[in-house]
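Here is how the chains run, residue by residue.
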Amino acid sequence: MEVLSSYNLIIEVSLIIIISFVFNGISKKTNVPAVLMLIILGVGLQYALGYFTSENLNFLPILEVLGIVGLIMIVLEAALELELKREKLLPILKSMAIALIGLIGSAWVAALILYNLIPEMTMQSAWLYATPLSILSSAIIIPSVSVLNATKKEFHIYESTFSDIMGIMMFYFLIGKLNPAEDTGVAGFTGNILLTIVISLIASYAIIIIFQKIKSQAKLFLLIAVLLLLYALGKKMHLSSLIIILIFGLVIANMKLFFAGKLQKFLDFKEAHKIYHELHIITLETAFVVRTFFFVIFGLTIAITSLFNLNVALISLLIIASIYSIRFVILRIFIGSDILPQLFIAPRGLITVLLFYAIPKEAEIATFEPGILLFVIIGTSLIMTGAMIFDKKRSSKSIKLANSKQVGSVKWKAPSIEQTEL
């Protein structure tokens, strides 16, 4: 049977998008991450493909491209929602500190676990394998926290976005250490970041000024193409390309701040705001489609049997336990006692998979089981699901209690003389 013929492919792609939309609806009602349902759908399709065809299809190149585009869209989507105001400086810095300390702390403990429990694992490779497992998944977090209050939602958007960016930077910094001839050290790494920021700002100003003058209606995909081009060129130049996307999103979302003073004359606010509004919609839609196919294809590529390996389960459970232990300490220090459900919103996902496949050949360890990746992704997603469901019930109980107290507090009114006589 021609499973991947032209018309069958159109039917399959359309059905996956429709099912993903249904999953989003289920996710909003149950707090079960849609991503988890997409992975399960992918696993189901893996067995269905095995039944209908004997061909060994290689989905990894598609997975890599989808992961990169999805990452760009998700970071851009998050950046477009971030307001830069003076009163938000402290929450931003706090989120950044939590993301950075959590990333380094989780990677360090995970590296020790991998180094001690996996044969042939070197400490250098352990850090490379541990870094993807230590990065929060904005692809899962951002769509899932919409039901939380504004402060907690904002914290998770900031934290997961910073975790993505800093995690990728840390991963490629560690890759640079594999080749001492190309390693520029901390000074070179810092210089690279500063250069990326400067290029990002110049590019962002130029894009907004040029695109606000383009009269054609079909210019949004041109804008996205420019951003993808900048990201790819940045990677070729060994820059921290994700910063380019983040800064462009921040500049266009906070135009009045970045085009203040003498720069104001270069901004046609009405046209630029129209671009921002339309870009926000198309980024949201594109991120949804790319995220859908990334996780379905990831489900198609994984070996589900590795989950039943005792060694895989032991290593994965130790890593998951370390993630929440470290997170508990950090949140108690920076936030205080109100750390629910934030403590348990720490899923791994798109970046974890993407960086795992980017580990260089010279650092690969044959004895590392990819099932650890799947176990941690599913485990952290399920823990987040449980926490979100619990928080939803807790919030509804608080509202009911507040309402009952309000009703009970209504003062008793003495009956009137007419009522008494009756």
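Everything discussed here concerns the structure shown above.
So, how was this worked out
Residues numbered from 1 in each chain as written. Predicted model: local features only at pLDDT ≥ 70, side-chain atom pairs only at ≥ 80, totals over all residues. Heavy atoms only, no water. Helix = DSSP H or I, 4+ residues; strand = E, 2+ residues; numbered from the N terminus. Buried < 20%, exposed > 50% of the residue type's maximum accessible area, 1.4 Å probe, protein only. Contact = heavy atoms within 4.5 Å. Areas by Shrake-Rupley, 256 points an atom, 1.4 Å probe, with all protein chains shown as cover. Core = buried A, V, L, I, M, F, W, Y, C linked by side-chain atoms within 4.5 Å. Patch = residues over 30% accessible without salt bridge, like charges linked within 9 Å, V, L, I, M, F, W, Y side chains within 5 Å. Salt bridge = Lys/Arg side-chain N within 4 Å of Asp/Glu carboxyl O. Phe/Tyr/Trp six-rings, centres within 6.5 Å; stacked < 30°, edge-to-face > 60°. Lys NZ or Arg CZ within 6 Å of the ring centre and 35° of its normal. Axes fitted to C-alpha atoms, helices over the stretch in contact; angles between N-to-C directions. Parallel < 35°, antiparallel > 145°, perpendicular 65-115°, else oblique. Nonpolar A, V, L, I, M, F, W, Y, C, P; charged D, E, K, R; others polar. Left-handed = near helix turned anticlockwise from the far one by under 90°.

Help me understand the overall build of the chain in this model?
In terms of helices and strands, the chain carries 16 helices and 0 strands. Counting every position in the chain, which comprises 422 residues, the buried fraction comes to 48%. Within the chain, residue pairs in contact and separated by at least 24 positions form 81% of the contacts whose partners lie at least 6 positions apart. On the chain, roughly 21,800 Å² of surface is accessible, and the fraction owed to carbon and sulfur atoms is 69%.

It is not clear to me how the side chain of S137 should be interpreted in this structure. Could you clarify?
Topologically, S137 is positioned in the loop between α5 (123-133) and α6 (138-144). When near neighbours in sequence (up to four residues on either side) are disregarded, S137 contacts D164, P347, R348, G349 and L350.

I'm lost on unusual backbone geometry in this one. Help?
Apart from glycine, the bulk of residues carry a negative phi angle, and the bulk of peptide bonds sit in the trans form. Across the junction of L340 and P341, the peptide omega takes the value 5°, indicating a cis bond. Of note, P341 is situated in the loop between α13 (310-334) and α14 (350-356). Its identity is not glycine, yet E120 carries a phi of approximately 70°, on the positive side. Turning to its location among the elements, E120 is positioned in the loop between α4 (89-117) and α5.

Quick question: what am I supposed to make of the nonpolar core here?
Burial of nonpolar side chains together is a common tendency in soluble globular proteins. Counting 122 residues, the largest nonpolar core has L114 and I319 as the members making the most contacts within it. The biggest single contributor to this core is helix α12 (residues 269-301), with 14 residues. Ranked by size, the runner-up nonpolar core spans 7 residues in total, among them F155, I330, L331 and I339.

Mind showing me how you'd approach the environment of Y129 here?
Within the secondary structure, Y129 is located in helix α5. Since its relative accessible area comes to 5%, Y129 is described here as buried. Through-space distance from the C-alpha of Y129 to that of T352 is 9.5 Å; in sequence the pair is 223 residues apart. Contacts of Y129, omitting those with residues within four sequence positions, involve L114, M121, F356, I359, A363, E364, I365 and F368.

Looking at this model, I keep getting lost on a nonpolar patch on the surface. Mind explaining?
Taken together, the side chains of I11, L15, I18, V22 and I26 define a hydrophobic patch exposed on the protein surface, amounting to about 430 Å² of accessible area. Residue classification places I11 among the partly exposed residues on the basis of a relative accessible area of 47%.

What is the right way to read the environment of E81 from this model?
Structurally, E81 can be placed in the loop between α3 (60-79) and α4. It is 8.8 Å that separates the C-alpha atoms of E81 and I157, two residues lying 76 residues apart in sequence. The contact partners of E81, leaving out residues within four places of it in the chain, are I157 and H280.

Can you walk me through the packing of aromatic side chains in this structure?
For any two aromatic rings, the description comes down to two numbers: the centre-to-centre distance and the angle of the planes. Counting across every chain of the model gives 8 aromatic pairs. Taken together, Y129, F356, Y357 and F368 form an aromatic cluster joined through their ring pairs. Lying over the aromatic face of Y172, K235 brings its terminal NZ or CZ to 3.9 Å of the ring centre. For K256, the ring lying beneath its charged end belongs to F269, and the centroid distance is 4.6 Å.

Just checking my understanding: could you explain the packing of helix α7 (residues 150-176) against helix α10 (residues 241-253) for this structure?
In a pair of packed helices, the angle between the axes and the distance between the axes together describe the arrangement. Direction vectors running N to C along α7 and α10 enclose 155°, while the axes themselves pass 9 Å from each other. On the basis of their axis angle, the class for α7 and α10 is roughly antiparallel. Each of T161, D164, I165, I168 and M169 in α7 lies in contact with α10, whose residues at this interface are L242, I243 and L246. Here the contact of α7 with α10 is composed, by residue class, of 6 nonpolar, 1 polar and 1 charged.

Looking at this structure, how should I read the packing of α4 against α13?
Following both chains from N to C, one finds α4 and α13 inclined at 150°, their axes separated by 9 Å at the closest point. Judged by the inter-axis angle, α4 sits roughly antiparallel to α13. Once α4 is placed against α13, the crossing between them reads as right-handed. Where α4 approaches α13, its residues K94, A97, I98, I101, G102, G105, S106, V109, A110, I113, L114 and L117 are matched on the opposing element by N311, I315, L318, I319, S322, I323, I326, I330, L331 and F334. Among the residues forming the contact of α4 with α13, the class breakdown is 16 nonpolar, 5 polar and 1 charged.

When you look at the pattern of salt bridges in this model, what are you seeing that I'm missing?
If the charged atoms of two oppositely charged side chains come close together, the side chains can form a pair. Taken as a whole and assessed by the stated rule, the structure comprises 4 salt bridges. Close ionic contact of R291 with E77 constitutes a salt bridge, the shortest N to O distance being 3.6 Å. In this pair, R291 is assigned in helix α12 and E77 in helix α3, connecting sequence segments 214 residues apart. Across the pair E154 and K88 runs a salt bridge whose closest N-O atoms are separated by 2.7 Å. Pair noted here: E154 is in helix α7 and K88 is in the loop between α3 and α4, with a separation of 66 residues, a long-range link. On the accessibility criterion, K88 (16% relative accessible area) is buried.

So what exactly am I meant to see when it comes to the environment of F258 here?
Inspection of the secondary structure puts F258 in helix α11 (residues 255-258). It is 9.6 Å that separates the C-alpha atoms of F258 and L201, two residues lying 57 residues apart in sequence. Apart from the residues within four sequence positions on either side, F258 is in contact with L84, L201, Y205, L250, V251 and L263.

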